[in-house]
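Analysis of the macromolecular model
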Amino acid sequence: WRSSKAVYEKECGSRPGFSVSFEKPSAKRASFEQFESAHNKWLTRCAKGFITAIQSKEYLEIRNSLIVLIKIVKSFPVHMTAFSVLKRWVSKVEADEKESRPDLSLMAKRYYTPLLKEEGRMIVDTKKEEKSAGSAGTSTKVAASAATDKRADESASTSSKRESGSAADAAKKPR
């Protein structure tokens, strides 16, 4: 429904679940923009919850969040910021728990691999992400972490290009 205003209006326009008022089911229906805004809020809150659980030191919180994330990997996360932060924290769990809790490390790897395959479908919605990054709390941390991840990836890419370029230059020079 989020993909197209026409699809939203066709499939949801007459449904009582999309009414603006709970007391009056026949009241005005939510517009596409209102639905899109609510949808983004839901996704952000879900991402905050999963990230908080994964950052926890509690075994069951990490385990349960990974179980759910494994089940919904094809439909969540949707936004690139949440994807980047989840990717970073899941890889950290995978590395940190290898010795002490190998089952968590294995579960993290089990989620991380299909998560990487879903990267191509992530939405980069700069207008909405800047707006959510401006609000206080974890959303700022999510946006900041995504920006840090992006800079780190770009830095690694640039340094590897420099190294390969200098190796190629060295190979061209006669000895």
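Please read all numbers here as calculations on a predicted model, not as lab measurements.

1. Quick notes on the environment of proline 77
Position of proline 77 relative to the elements: it lies in the loop between α3 (59–72) and α4 (80–96). On a C-alpha basis, the gap between proline 77 and leucine 115 in space is 8.8 Å, while along the polypeptide they are 38 residues apart. Among all residues touching proline 77, those that are not within four sequence positions of it are Ala82, Phe83, Leu86, Tyr111, Leu115, Arg121 and Met122.

2. Some words on the pattern of salt bridges
Taken as a whole, this structure holds six salt bridges when the rule is applied. We note a salt bridge from glutamate 33 to lysine 5, for which the minimum N-O separation is 3.6 Å. Of this pair, glutamate 33 sits in helix α2 (residues 32–55) while lysine 5 sits in helix α1 (residues 5–12); the two residues are 28 residues apart in sequence, bridging distant segments of the chain. For glutamate 33, a relative accessible area of 45% corresponds to the partly exposed category.

3. Observations concerning the confidence of the model for the chain
Averaged over all residues, the pLDDT of the chain is 77; the fraction at 70 or higher stands at 69%. Within the chain, α3 carries the highest mean pLDDT (97), whereas helix α7 (residues 138–172) carries the lowest (45). Note that pLDDT drops below 50 for residues 132–175; the model gives that stretch 23 contacts with residues more than four away or on any other chain.

4. Side note on the environment of lysine 74
By the secondary structure assignment, lysine 74 is in the loop between α3 and α4. Lysine 74 sits in the exposed class, given a relative accessible area of 65%. Each C-alpha atom, one on lysine 74 and one on proline 114, is 8.2 Å from the other, the two residues being 40 residues apart in sequence. Look past the residues within four positions of lysine 74 in its chain and what remains in contact with it is Glu118 and Arg121.

5. Brief notes about the packing of α2 against α3
At a closest axis distance of 7 Å, the pairing of α2 and α3 adopts a crossing angle of 135°. Between α2 and α3, the angle falls in the class oblique. Crossing hand, α2 versus α3: left-handed. On α3, the residues that touch Phe50, Ala53 and Ile54 of α2 are Glu61, Ile62, Ser65, Val68, Leu69 and Ile72. Looking at the contact of α2 with α3 residue by residue, the classes come out as seven nonpolar, one polar and one charged.

6. Re α2
Residues spaced three or four apart along an α-helix point in a common direction, a consequence of the helix completing one turn every 3.6 residues. With 24 residues, α2 extends 34 Å between its outermost C-alpha atoms, agreeing within 8% with the 34 Å of an ideal straight helix rising 1.5 Å per residue. Among all positions of α2, only Phe32, Phe35, Glu36, His39, Asn40, Leu43, Ala47, Phe50, Ile51, Ala53 and Ile54 are buried.

7. A word on the nonpolar core
The biggest cluster of nonpolar side chains holds 25 residues, and the ones touching the most others in it are Ile54, Leu66, Leu69, Phe76, Leu86 and Tyr111. Put simply, the parts of the chain that give this core at least two residues each are α2, α3, α4 and α5 (102–117). Looking at this core, the element that brings in the most residues is α4, giving seven residues. With six residues, the next largest nonpolar core counts Tyr8, Cys12, Phe18 and Phe32 among its residues.

8. Some remarks on the side chain of arginine 101
Within the element layout of this structure, arginine 101 appears in the loop between α4 and α5. A polar side-chain atom of arginine 101 sits 3.5 Å from the main-chain carbonyl oxygen of lysine 57.

9. Brief notes about the packing of aromatic side chains
One pass over the structure, following the stated rule, counts four aromatic pairs. Aromatic side chains phenylalanine 35 and tryptophan 42 sit 6.5 Å apart centroid to centroid with 75° between the ring planes, which places their arrangement in the edge-to-face category. Given the relative accessible area of 7%, phenylalanine 35 is considered buried. Taken together, a centroid distance of 5.6 Å and an interplanar angle of 50° make the contact between phenylalanine 50 and phenylalanine 76 tilted. Within this pair, whereas phenylalanine 50 is found in helix α2, its partner phenylalanine 76 is found in the loop between α3 and α4, the two being separated by 26 residues in sequence.

Criteria and cut-off values
- Residues numbered from 1 in each chain as written.
- Predicted model: local features only at pLDDT ≥ 70, side-chain atom pairs only at ≥ 80, totals over all residues.
- Heavy atoms only, no water.
- Helix = DSSP H or I, 4+ residues; strand = E, 2+ residues; numbered from the N terminus.
- Contact = heavy atoms within 4.5 Å.
- Salt bridge = Lys/Arg side-chain N within 4 Å of Asp/Glu carboxyl O.
- Buried < 20%, exposed > 50% of the residue type's maximum accessible area, 1.4 Å probe, protein only.
- pLDDT = per-residue confidence, 0-100.
- Axes fitted to C-alpha atoms, helices over the stretch in contact; angles between N-to-C directions.
- Parallel < 35°, antiparallel > 145°, perpendicular 65-115°, else oblique.
- Left-handed = near helix turned anticlockwise from the far one by under 90°.
- Nonpolar A, V, L, I, M, F, W, Y, C, P; charged D, E, K, R; others polar.
- Expected span 1.5 Å × (residues − 1).
- Core = buried A, V, L, I, M, F, W, Y, C linked by side-chain atoms within 4.5 Å.
- Polar contact = N/O pair within 3.5 Å; in protein donor to acceptor, adjacent residues only side chain to side chain.
- Phe/Tyr/Trp six-rings, centres within 6.5 Å; stacked < 30°, edge-to-face > 60°.

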